[in-house]
Amino acid sequence: MQINLLCVGKLKERFYRDACAEYQKRMSRYHRLTVTELPDEKPLSGSPDAIQRVMAKEGDRLLPHLQKGFSIALCVEGEAPDSLALARQLQGYERLGQPVNFVIGGSWGLDPRVIAASKARLSLSNLTLPHNLARLVLLEQLYRASKIAAGETYHK
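The structure contained in this document is the topic of the report that follows. (Residues numbered from 1 in each chain as written. Predicted model: local features only at pLDDT ≥ 70, side-chain atom pairs only at ≥ 80, totals over all residues. Heavy atoms only, no water.)

### A word on the side chain of S71
- Within the secondary structure, S71 sits in strand β3 (residues 70-79).
- Judged by relative accessible area, S71 falls into the buried class, the value being 1%.
- Filtering out sequence-adjacent residues up to four positions away, S71 remains in contact with L66, N101, S118, K119 and A120. (Helix = DSSP H or I, 4+ residues; strand = E, 2+ residues; numbered from the N terminus. Buried < 20%, exposed > 50% of the residue type's maximum accessible area, 1.4 Å probe, protein only. Contact = heavy atoms within 4.5 Å.)

So this is what it looks like as structure tokens:
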């Protein structure tokens, strides 16, 4: 199955890049994985209007990527499955026969249009996670779910 991570912003810290690269390598045994990093925007001020404009610009960049495949928006309003449920969901996505896009927003979250255009929503936690950590947690959980779906043990 083709899995695409669509991410607003780049991984700046080396330890995040290294950890994500490790999980990307591990995932290659189970799925084709691509990571697309789209530029993030900086608001001119902290006003709600400025933040909305930033989210809209980031949304404009993300929306064309949602045209192909089954898209899942990472957002706090999403479902928060456990690892076994995520493994079952991955198996269901695989049966769709199309790419699966996991969409991670920038510092301010996802534009509502991106959430609306996505076919599903996923929450990694009730806690707010920084973008870099959310990407790492998602990769680890996808790896864990892939191992479970393949009938392998993950826990030692």
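From this point, things continue past the structure.
### Points about the nonpolar core
- Ranked by internal contacts, the top residues of the largest apolar core, which has 28 residues, are I3, L5, F102, L138 and L142.
- Only β1 (2-8), α1 (14-27), β3, α3 (83-96), β4 (100-104) and α5 (131-149) provide two or more residues apiece to this core.
- It is α5 that provides the largest number of residues to this core, a total of six residues.
- Ranked by size, the runner-up nonpolar core spans eleven residues in total, among them L66, C75, V103 and I115. (Core = buried A, V, L, I, M, F, W, Y, C linked by side-chain atoms within 4.5 Å.)

### A few points about the sheet that holds strand β2 (residues 32-38)
- The five strands lie next to each other as β2-β1-β4-β3-β5, forming an open sheet whose pairing is parallel. One side of each edge strand has no neighbouring strand; the edge strands of this open sheet are β2 and β5 (120-122). The average undirected angle you get between the axes of adjacent strands in this sheet is 30 degrees.
- As judged from the five bridges shared by β1 and β4, these two strands associate in the parallel manner. Looking at the pairing, I3 lines up with V100 of β4.
- Packed onto the sheet, α3 meets β1, β3, β4 and β5 and runs at close to 155 degrees relative to β3. (Pairing = 2+ DSSP bridges. Axes fitted to C-alpha atoms, helices over the stretch in contact; angles between N-to-C directions.)

### What to know about the pairing of β2
- Looking at chain direction, β1 and β2 are connected through seven bridges and run parallel. Across the sheet, the residue bridging to L6 is T36, located in β2.
- This β-α-β element, β1 to α1 to β2, shows right-handed connectivity. (Right-handed = clockwise from strand over helix to strand, strands pointing away.)

### Observations concerning the pattern of salt bridges
- In total, this model carries twelve salt bridges according to the counting rule given.
- E22 serves as the salt-bridge partner of K25, at 3.5 Å between the closest nitrogen and oxygen. Here K25 and its partner E22 are both found in helix α1, three residues apart, which amounts to about one turn of the helix.
- The salt bridge involving K147 is made with E152; its shortest N-O contact spans 3.1 Å. (Salt bridge = Lys/Arg side-chain N within 4 Å of Asp/Glu carboxyl O.)

### Looking at α5
- Compared with the 27 Å implied by 1.5 Å per residue over 19 residues, the 26 Å span of α5 between its first and last C-alpha is a close match.
- Note on α5: the residue one or two positions beyond its end, G151, has a positive phi of about 80 degrees. (Expected span 1.5 Å × (residues − 1).)

### Comments concerning the side chain of E58
- Topologically, E58 is positioned in helix α2 (residues 48-62).
- It turns out E58 is buried and unbridged, and the closest side chain with the opposite charge, R61, is 5.8 Å from it.
- Apart from residues lying up to four places away in sequence, E58 is in contact with V8, P39, D40, E41, G106 and G109. (Lys, Arg positive; Asp, Glu negative; His and termini not counted.)

### Digging into the packing of α1 against α5
- The interhelical angle for the contact between α1 and α5, taken along N-to-C directions, is 20 degrees, at an axis separation of 9 Å. Here α1 lies roughly parallel to α5, going by the angle between them. The interaxial crossing formed by α1 with α5 has left-handed handedness. Across the interface between the two elements, Y16, A19, C20, Y23, Q24, R26 and M27 from α1 touch N132, L133, R135, L136, L139, E140, L142, Y143 and S146 from α5. (Parallel < 35°, antiparallel > 145°, perpendicular 65-115°, else oblique. Left-handed = near helix turned anticlockwise from the far one by under 90°.)

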